[in-house]
Amino acid sequence: MNTFQTDAENTLEAVAAQGLYRKRRIIASPQGVHLTADGRELINFCSNDYLGLANHPDVIRAFKNAAGQYGVGSGSAHLVCGHSAAHHALEEELAEFCGRERALLFSTGYMANLGAISALVGSGDTVIEDRLNHASLIDGGLLSGARFKRYRHADLEHLTNTLAEASGKKLIVTDGVFSMDGDLAPLPAIARLAQAQDAWLLVDDAHGLGVLGEKGGGVLEHYGLDQGDVPVLVGTLGKAFGTFGAFVAGSDALIELMIQKARTYIYTTALPPAVAEATRASLRIVRAESWRRDKLKRLTARFRQGAEQIGLELMPSPSPIQPILLGDSRKASALSEALLDAGILVGAIRPPTVPQGSARLRVTLSAAHEEAQVDRLLNELDRLKSLA
Ligand SMILES: *Cc1c(COP(=O)(O)O)cnc(C)c1O
């Protein structure tokens, strides 16, 4: 047997022995609260479809109509001949929604982060990131070639000290809502610090846009911050918007710089135009239907109150991401499996996605859930908590 094959098998055995083996489930239904996974009907508490738009009839109709008008493939990158009227209209609407001069579509959030950070800083500069940032922000920082510094989660003092040691252009990078913890970055203070130290600030609001703020403007609307406070905003479209893709929003100069320099923008095929049209439809719903955000808040409060009564260890999260902290990876897997047997799908999140010793169940709520379903989850957690 060759070395690569032996190595692969040893690695897989080691991963399994640590309780960290990752497996996929095969989904045969649309995304929603009811999911058919591996042939079983489950109630879904692990999707990022926070507003219940992934399978919304208006979004589906827009997608189908646009496929009729534009076909399926975009044909090339945006800079060759793939930038359709649908993409352009969505960019203008996203810019307006976020209160920014311009927005630029990327094919995924992962690519937006790699491209944006590498376009903004390079050798001789410093990128400074929260330790719990999403993998794509960490990878973007490493890829950029800038000095790479991390500060303790949401720790302003550590950030201040780290900034003082930075050289060249300084870019502070943080999640808006932390994807595995559900808490918010202390953005007003970070923005003040950035301004005082002549640093730029990039906020990735993948989990806040559509969900937080009265109008769904995300963590920046929640805190009342604008383009002057946070010059670089990254949003993703595969979560609350229920579709696919991502964008960077900010000043005209920022967007032009991205078009000239962001390699993950330049050297990749544009999203299918029908995805852009579907997103325009979902953006209209995000803006118009604030009841979805209100309902999500009520369900979140109900879940937190119930979980506290049972004695589960929650985290300080005001968002629909509600992790139950277990610590041990095997416990997290066992509880997730037991919930599955009861017909409920909740993801077990283990290292290296989260730090060692902080494995958890990541419960996510959606505006499409009913109170009775949240209560059923709580009843099952109460019954199974001895596994925790
Ligand atoms: C999901 C996520 C991404 C990646 O977005 P995709 O469009 O799925 O590639 C980036 N940043 C954060 C914080 C995320 O949660």
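Residues numbered from 1 in each chain as written. Predicted model: local features only at pLDDT ≥ 70, side-chain atom pairs only at ≥ 80, totals over all residues. Heavy atoms only, no water.

It is worth spelling out the site of the ligand at this point. By nearness alone, 13 residues border the ligand, and Gly109, Tyr110, Asp204, His207 and Lys239 come closest of all. Residue His207 places a side-chain N or O atom 2.6 Å away from an oxygen atom belonging to the ligand. In this structure, Lys239 approaches the ligand through a side-chain N or O atom, which is 2.6 Å from an oxygen atom. Its free accessible area being 380 Å², the ligand has 82% of it covered by the protein chains. Per-element accounting of the shell around the ligand gives the leading share, three residues, to helix α5 (residues 109-120). (Near = heavy atom within 4 Å. Polar contact = N/O pair within 3.5 Å; in protein donor to acceptor, adjacent residues only side chain to side chain. Areas by Shrake-Rupley, 256 points an atom, 1.4 Å probe, with all protein chains shown as cover. Helix = DSSP H or I, 4+ residues; strand = E, 2+ residues; numbered from the N terminus.)

Before going further, it helps to examine the pattern of salt bridges. Note on pairing: side chains with opposite charge can pair once their charged atoms come close. If you walk through the whole model with that rule in mind, you get 17 salt bridges. Arg292 is the salt-bridge partner of Glu289, the closest N and O atoms lying 2.8 Å from each other. Exposure remark for Glu289: the relative accessible area of 23% places this residue in the partly exposed category. On the basis of relative accessibility, which here comes to 9%, the residue Arg292 falls in the buried class. Notably, a salt bridge pairs Glu371 with Arg302, separated by 3.4 Å at the nearest N-O pair. Here Glu371, found in helix α15 (residues 371-384), pairs with Arg302, found in helix α13 (residues 291-310); they are 69 residues apart in sequence, far enough to count as distant. Owing to a relative accessible area of 38%, Glu371 belongs among the partly exposed residues under this scheme. In this structure Arg302 comes out as partly exposed when scored by relative accessible area, which is 31%. A network of salt bridges, in which partner residues are shared, links Glu93, Glu277 and Arg280. (Salt bridge = Lys/Arg side-chain N within 4 Å of Asp/Glu carboxyl O. Buried < 20%, exposed > 50% of the residue type's maximum accessible area, 1.4 Å probe, protein only.)

Secondary-structure assignment places His207 in the loop between β7 (200-204) and α9 (218-223). A distance of 2.7 Å separates the side chain of His207 from the side chain of Tyr50, its partner in a polar contact.

Attention now goes to the pairing of strand β6 (residues 170-175). The buried fraction of β6 amounts to six of the six residues, a majority that puts the element mostly inside the structure. Across four bridges, strand β4 (residues 126-130) lies against β6 in parallel orientation. If you follow Glu129 over to β6, its bridge partner there is Val173. One ladder, built from five bridges, connects β6 with β7; its direction is parallel. Its bridge partner being in β7, Leu171 is matched across the sheet by Trp200. In terms of handedness, the path from β6 via helix α8 (residues 187-196) over to β7 forms a crossover that is right-handed. (Pairing = 2+ DSSP bridges. Right-handed = clockwise from strand over helix to strand, strands pointing away.)

Using the criterion set out here, one finds two aromatic pairs in the structure. Aromatic pair Phe97 and Phe241: ring centres 6.2 Å apart, planes at 85°, arrangement edge-to-face. One end of the pair, Phe97, is in helix α4 (residues 85-98); the other, Phe241, is in the loop between β8 (232-236) and β9 (246-250), and 144 residues separate them in sequence. Both residues of the pair, Phe97 and Phe241, belong to the buried class. (Phe/Tyr/Trp six-rings, centres within 6.5 Å; stacked < 30°, edge-to-face > 60°.)

What follows deals with the sheet that holds strand β10 (residues 321-327). Ordered by their spatial adjacency, three strands build an open sheet running β10-β13-β12, and the pairing between neighbours is antiparallel. A strand with exactly one partner marks an edge of an open sheet, and here the two such strands are β10 and β12 (347-349). Between one strand and the next, the sheet's axes are offset by a mean angle of 30°, whatever the strand orientation. Two strands pair when backbone bridges link them, and β12 and strand β13 (residues 359-364) are joined in this way by three bridges, in the antiparallel orientation. Note that in β13 the partner of Ile349 across the bridge is Arg360. (Axes fitted to C-alpha atoms, helices over the stretch in contact; angles between N-to-C directions.)

The next thing to look at is the domain arrangement of the protein. Often, the extent of an interface is quoted as the loss of accessible area upon association of its parts. Partitioning the protein into structural domains gives domain 1 (23-52 + 290-387) and domain 2 (57-288). Taken together, the contact pairs 22 residues of domain 1 with 23 residues of domain 2. For the pairing of domain 1 and domain 2, the buried interface totals around 1600 Å² over both sides, and the portion due to carbon and sulfur atoms is 61%. Summed over the three residues of domain 1 that lose the most area to domain 2, namely Tyr50, Leu51 and Arg293, the buried surface amounts to 31% of that side. One can count one salt bridge joining domain 1 with domain 2. Salt-bridge contacts for Asp181 lead to Arg360; the nearest nitrogen and oxygen are separated by 3.1 Å. (Domains from an automatic or database assignment. Contact = heavy atoms within 4.5 Å. Buried area = accessible area lost by both parts, 1.4 Å probe.)

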